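Listed below, chain by chain, are the residues.
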Amino acid sequence: MAPDSHDHLHPCPDPLARSPRACSEGKAPLDRLYLAPAALQDAMLALISRDTSHVALSDAQRLSHFPASPIVTLSWFHGLDAGLVDARGWHPFGARVMISGSQSHSLVAWAPTGGRGYMACFLPDAAQALFGLDLATVQDRFLPAHAVLGEAWRPLFDALLAAADDATALRVLEAQLGKRWRTVQGRSAERPSLRQIGRHWVQQLAWKAYEWRSTHSERQVERRIKAFSGRSLREWQSLVRTEGMFFAARERYENGQPFDWATLALDEGFSDQAHMSRVTRQICGFPPTEFANRYIEDESFWIYRLWV
């Protein structure tokens, strides 16, 4: 469906519009994060769900801000005509099941109505193995899943769209992907925590680069890393360093400690506060202080509060 076909019915809000945390008559959006079921450990990071069907939200409260991220997501929607917002306006996805790769920059999504939405989050190499996915094809893009993965995956998509609740969606993912994951990749004995997952994967990527340097030139190694993962090793390292800073900032906030940005920058491996500010703006779209305020106050920053 063309983006402008909705404009006369539901004009999209400014993507930078402030949106106070939602709570109407004691009801708030239901945001949930579930770690991967046992059969998908080391492949799937988490299932994220958001249900706004039971609460009245303003247009600005239906915005969702997402950070730059290394993960691959499979998303599906119940009663939502979701899409991305940029300087030209709102661009609905036009499909109920979408797949996206790693994202270089922060994103803003919007839906003109309430409903349920899900994101199954996968490590890039696991998504590559599970789905036969070309990571470069989905890098910095959201694409209809059936167009990327093909009709062979239609039973999975149909089962996810038919799932009545979060528990059923998790069972569908485990049943349809678990055996395949054991076949193509296997499972390791230990799994890092949610906070460690991105760093753990990038460490593995750095080790691959180290091994390749014994038989390839530096330029060849860089090309191989980008072909294998969709990004340079330096870009991956910047992403996980910034994610670590988000976790550290949240801990300080929850413990009632002040945000000493200069100290935080050095503690998390940035060269200085200015360096941290530049990277934070690239990853989430805002400088650190504004990001912190929006994290605490804005409904549209729900994904950060859920994940970090």
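Every value quoted in this text rests on a predicted model; they were computed, and no experiment measured them.

Conventions adopted
- Residues numbered from 1 in each chain as written.
- Predicted model: local features only at pLDDT ≥ 70, side-chain atom pairs only at ≥ 80, totals over all residues.
- Heavy atoms only, no water.
- Core = buried A, V, L, I, M, F, W, Y, C linked by side-chain atoms within 4.5 Å.
- Buried < 20%, exposed > 50% of the residue type's maximum accessible area, 1.4 Å probe, protein only.
- Contact = heavy atoms within 4.5 Å.
- Salt bridge = Lys/Arg side-chain N within 4 Å of Asp/Glu carboxyl O.
- pLDDT = per-residue confidence, 0-100.
- Helix = DSSP H or I, 4+ residues; strand = E, 2+ residues; numbered from the N terminus.
- Pairing = 2+ DSSP bridges.
- Expected span 1.5 Å × (residues − 1).
- Bend = angle between axes of the 7 residues up to and from the residue.
- Arc of directions from axis to C-beta.
- Axes fitted to C-alpha atoms, helices over the stretch in contact; angles between N-to-C directions.
- Phe/Tyr/Trp six-rings, centres within 6.5 Å; stacked < 30°, edge-to-face > 60°.

Novice: Describe the nonpolar core, naming the residues involved and giving the relevant values.
Specialist: Among the nonpolar cores identified, the biggest contains 69 residues, and L74, W76 and F131 are the most heavily contacted of them. Look past the residues within four positions of W76 in its chain and what remains in contact with it is L47, R96, V97, R116, G117, Y118, A120, L160, L161, A169 and L173. Core analysis: the next-biggest nonpolar cluster, separate from the first, contains seven residues, F77, L80, A82 and F93 among them.

Novice: An account of the pattern of salt bridges is needed here, citing residue identities and associated values.
Specialist: Summed over all chains, the structure comprises nine salt bridges. When the shortest N-O distance is used, the salt bridge between R88 and D86 registers 3.1 Å. Note on R88: relative accessible area 69%, which makes it exposed. Sharing partners across several salt bridges, the network here consists of R18, E290, R294, E297 and D298.

Novice: Account for the confidence of the model for the chain, with residues named and values stated.
Specialist: Looking at the chain as a whole, its pLDDT mean stands at 84, while 84% of the residues score no less than 70. For the chain, helix α6 (residues 194-212) is the element with the lowest average pLDDT, namely 61, and strand β7 (residues 97-100) is the one with the highest, namely 98. Taken together, the stretch residues 1-9 has pLDDT below 50 and engages in eight contacts with residues farther than four places along the chain or on a different chain.

Novice: Now, about the pairing of strand β8 (residues 107-110): what can you tell me, with residues and values included?
Specialist: Neither face of β8 is left uncovered, since the one carrying L107 and A109 and the one carrying V108 and W110 both have all their residues buried. Here strand β5 (residues 83-86) runs beside β8; their pairing, made up of two bridges, is antiparallel. Each bridged residue has a counterpart across the sheet, and for L84 the counterpart in β8 is A109.

Novice: Let's hear about helix α5 (residues 166-184): which residues, and what values?
Specialist: Here α5 contains 19 residues, and its C-alpha end-to-end distance of 26 Å stays within 8% of the 27 Å for a straight helix at 1.5 Å per residue. In the structure, α5 departs most strongly from a straight axis at L177, where the bend amounts to approximately 40°. For α5, the complete set of buried residues consists of D166, A169, L170, V172, L173, L177, G178 and W181. Buried positions along α5 lie against β1 (30-35), β2 (44-51), β4 (72-78), β9 (116-122), α1 (124-131) and α4 (154-162).

Novice: Which residues make up helix α10 (residues 273-284), and what values go with them?
Specialist: Taking 1.5 Å per residue, twelve residues should reach 16 Å; α10 reaches 16 Å between its end C-alpha atoms and fits that length. Among all positions of α10, only H275, M276, V279, T280, I283 and C284 are buried. In an axial view of α10, the angular spread of the buried residues amounts to 130°, which keeps them on one side of the axis.

Novice: Would you mind going over the sheet that holds β5 in detail, with residue names and values included?
Specialist: An order of β3-β8-β5-β6 is seen for the four strands of this open sheet, with the pairing classed as antiparallel. If you trace the sheet from one side to the other, it starts and ends with β3 (63-66) and β6 (89-92), each paired once. Averaged over all pairs of adjacent strands, the angle between their axes in this sheet comes to 35°, without regard to strand direction. When β3 meets β8, the two strands line up antiparallel, connected through four bridges. Following the sheet pairing, H65 is matched in β8 by V108.

Novice: For the packing of aromatic side chains, give the residues involved together with the corresponding values.
Specialist: In the structure shown here, the tally under the stated rule is twelve aromatic pairs. Relative to W302, the ring of F66 lies with its centre 6.1 Å away and its plane at 85°, an arrangement referred to as edge-to-face. Taken together, the positions of F66 in strand β3 and W302 in helix α12 (residues 302-307) put the pair 236 residues apart, joining distant regions of the chain. Across this residue pair, the class does not change: F66 and W302 are buried. An aromatic cluster is built from F286, F291, Y295, F301 and Y304, whose rings are joined through pairwise contacts.

Novice: Report on unusual backbone geometry, specifying residues and quantitative values.
Specialist: With a phi close to 75°, D42 is a non-glycine residue in the positive phi region. By secondary structure assignment, the location of D42 is in the loop between β1 and β2. Despite not being glycine, D140 has its phi angle at roughly 60°, a positive value. Position of D140 relative to the elements: it lies in the loop between α2 (135-138) and β10 (142-144). We classify D140 as partly exposed; its relative accessible area is 36%.

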